[in-house]
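Fold and contact review
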Amino acid sequence: RVLFRSIGEWLRNGVAGRRVLEIGCGDGYSTRIAASTAQWVIACDININLLGFARDSMVIDAVCADALAGLPFRGNFNCGMAYFWMSHVRREETGRFMKSFAGQLQPGSRIHLVDSKWVEGYRHPPVRQDEQGNTYQLRTLKDGRRFEVLKNHLSREEWTVILAPFGTVEIHELSYNWAVSLRL
């Protein structure tokens, strides 16, 4: 049973009054949502150009960091979030990533994850799958250039297997997305 009207509402409620570390902030869309109710937000992304959009659109701290290489924070965070990030993590790296992410947060903190789920006929089908089960989609830029992007659509069972070693998992299945909370 879903107890919220939108992912934005779920996220605003989940981060309200908290000190938030966001992974993969991109252009700052989810950061703006979180910043409306959080005590403060530090957002990171590996792409310095996207960080510029995020930083320019609000008053937040934005840090260029590779979340898969280990995070540079040891902080006073009591909440973490990643909006459409886990689908871009290789399956064999999800455990290592979550260990690093959880290690940045205080005990008892929450991590809020939003990501796309596979919906036949709605999502672009993968163009290939590697030996580890990672799937890739083909994306086309406005100028016609095409490239492959890692895009794993996790199932409810996969979310549970990945996150359960770190705490209590709560999964909300929406029409096209997952909204997942983890209490460390």
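Residues numbered from 1 in each chain as written. Predicted model: local features only at pLDDT ≥ 70, side-chain atom pairs only at ≥ 80, totals over all residues. Heavy atoms only, no water.

As a further point, take the overall build of the chain. Along the chain, the regular secondary structure elements total 5 helices and 10 strands. Sequence-distant contacts, at least 24 apart, represent 57% of the contacts inside the chain between residues at least 6 apart. Summing over all exposed atoms, the chain offers an accessible surface of approximately 9500 Å²; the carbon and sulfur share of this is 51%. (Helix = DSSP H or I, 4+ residues; strand = E, 2+ residues; numbered from the N terminus. Contact = heavy atoms within 4.5 Å. Areas by Shrake-Rupley, 256 points an atom, 1.4 Å probe, with all protein chains shown as cover.)

This brings us to the packing of aromatic side chains. Any two aromatic rings considered together are summarised by their centre-to-centre distance and by the angle between their planes. Evaluated as defined, the whole model comprises 6 aromatic pairs. With centroids separated by 5.8 Å and ring planes inclined at 55 degrees, the aromatic side chains of Trp85 and Phe97 adopt a geometry described as tilted. Taken as a pair, Trp85 in the loop between β4 (77–83) and α4 (94–103) and Phe97 in helix α4 lie far apart in primary sequence, 12 residues in all. Phe97 matches Trp85 in its accessibility class, with the two residues each being buried. In this structure an aromatic cluster arises from ring pairing among Tyr29, Tyr83 and Phe84. One residue, Lys117, lies across the ring of Trp178, its end atom 5.7 Å from the ring centre. Between Arg128 and the ring centre of Tyr136, over which it is positioned, the NZ or CZ distance is 4.0 Å. (Phe/Tyr/Trp six-rings, centres within 6.5 Å; stacked < 30°, edge-to-face > 60°. Buried < 20%, exposed > 50% of the residue type's maximum accessible area, 1.4 Å probe, protein only. Lys NZ or Arg CZ within 6 Å of the ring centre and 35° of its normal.)

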